[in-house]
Amino acid sequence: MASGLILKHKMKIFLIGKNGQLGQAIHTQSPDAGHEIHAFGQEELNIADGDAFSALFKKINPDVVINASAFHVVPQCEEDPEKAFLINAIALKKIAEMCSESNVQLMTYSTDYVFDGTKGTPYLEDDKPNPLQVYGVSKVAGELLAVRYSPTSVVIRTCGVYGGKEGSRSKKGNFILNILNQATSKEEIEVSSEQIVSPTYAEDLAKATLELLNHKDVCGIYHLANEGYCSWAEFATEAIKIKGLPVKIIPVDRGGMAGSLKRPLFSALENTRAARLGIKLPSWQDALKRYINTL
């Protein structure tokens, strides 16, 4: 069969990280897409526990493993690089090996932070990574290990994920929830203007992930992010506008720094490989409006 052929048959999905913003969306959408899903949160499955994963893997006998877990709080990765590499890379190697041995597809997620942000235009799938901090380095390692130890793996890079009514537990919300929360008590909010991103709604990312699953012979790196790009200040301004709040967003150029942490200045992602299969995500403006309407 030709690559990209749509198969659309029921799959048994083993989902790791069901309680994250993305994991929740995949967990909810999978049955609607006709798939059988077995989902586990951090409390039920420590991704670094190879024996626990192996036992569940053999019990479920999945068609695909979707890894939506990660150690992604960037400052904490700097403080605890061992944990960052354990969760984002080493644990992934073991999962990839098991998937390869059993002819099971692995789908895992990576980040715009694998890039240094100096290109000045949206990054393509084959652009060379050059991360600026421990988090990005650990995710590059995870990408390489997933593809090396399970050649049929799909690595999905995304950017600025947000979703859910409570956002990310580890990040105590998400960017939009934090902005809207601040707007209840402030007349002005300072937001960085120099960092350009492709903010991505978890619901759209989950839908695109499941669409990618329907295509035969997909493997390697794909960029899935809402179309277009903006600064964080522009993103915040749009959110305030949608809500009709009397708050002024003050753009601030922080030089790509968050404390002592360096962040890529222009890390927007362009979806080229999935787009060739007909998989496209809506604009970031459309996604943001739909998200705010759910709150």
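Here the residue numbers are simple positions, counted from 1 along each chain's written sequence. Local features in this predicted model are restricted to residues of pLDDT 70 or higher, and side-chain atom pairs are both shown and tallied only at a pLDDT of 80 or more, whereas totals for entire chains, interfaces and linings draw on every residue. Note: side-chain values were computed over all heavy atoms of the structure, leaving out hydrogens and water.

**Student:** Pulling in residues and values, what's your account of the sheet that holds strand β1 (residues 12-16)?
**Tutor:** The strands making up a sheet are joined through hydrogen bonds of the backbone, oriented either antiparallel or parallel. In short, DSSP must find at least two bridges between two strands for them to pair. We count a stretch as a helix when DSSP gives it H or I for four or more residues in a row; a strand needs E for two or more, and each element gets its number in order from the N terminus. The parallel open sheet is built from six strands, whose spatial order is β2-β1-β3-β4-β5-β10. In this open sheet, the two edge strands, each paired with only one partner strand, are β2 (36-40) and β10 (220-223). The average angle at which neighbouring strand axes cross in this sheet is 20°, direction not considered. Pairing of β1 with strand β3 (residues 64-67) involves four bridges; the strand directions are parallel. In the sheet register, L15 faces β3, and the bridge partner there is I66. Here the axes come from fitting lines to C-alpha atoms, over the contacting stretch only for helices, and the angles between their N-to-C directions go from 0 to 180 degrees.

**Student:** Go over the pattern of salt bridges with me, naming the residues and quoting the values.
**Tutor:** Any Lys or Arg side-chain nitrogen found within 4 Å of a carboxyl oxygen on Asp or Glu counts as a salt bridge. Enumeration over the complete set of coordinates arrives at nine salt bridges. Between R290 and D204 there is a salt bridge, and its shortest N-O distance comes to 2.7 Å. With R290 in helix α9 (residues 284-294) and D204 in helix α7 (residues 202-213), this residue pair connects regions lying 86 residues apart in the sequence. The structure contains a network of salt bridges with shared partners spanning D204, D286 and R290.

**Student:** Can you lay out helix α2 (residues 50-60) for me, pointing to particular residues and giving the numbers?
**Tutor:** Listing the buried residues of α2 in full gives F53, S54, L56, F57 and I60. Positioned one or two residues after α2, N61 has a phi angle of 55°, which is positive. Think of it in three bands: residues with accessible area under 20% of the maximum for their type are buried, residues over 50% are exposed, and the middle band is partly exposed, with areas taken using a 1.4 Å probe on protein chains only.

**Student:** Go over the packing of α2 against helix α4 (residues 81-101), please, and point to the residues and values.
**Tutor:** Across the interface, α2 lies against α4 with an axial gap of 11 Å and an inter-helix angle of 25°. Classified by the angle their axes make, α2 and α4 are roughly parallel. The crossing of α2 and α4 is right-handed. Here F53, S54 and F57 of α2 come into contact with α4, specifically with I95, M98 and C99. Per-class residue counts for the contact of α2 with α4 are five nonpolar, one polar and no charged. Should an angle fall under 35 degrees it is taken as roughly parallel, and over 145 as roughly antiparallel, whereas 65 to 115 is taken as roughly perpendicular and any remaining angle as oblique. Crossing handedness follows the turn of the near helix against the far one: under a right angle anticlockwise gives a left-handed crossing, and clockwise gives a right-handed one. Residues count as neighbours in contact if any of their non-hydrogen atoms are within 4.5 Å of one another. Only Asp, Glu, Lys and Arg are considered charged, only Ala, Val, Leu, Ile, Met, Phe, Trp, Tyr, Cys and Pro nonpolar, and every remaining residue, Gly among them, polar.

Function cannot be read off these values alone, since they describe shape.
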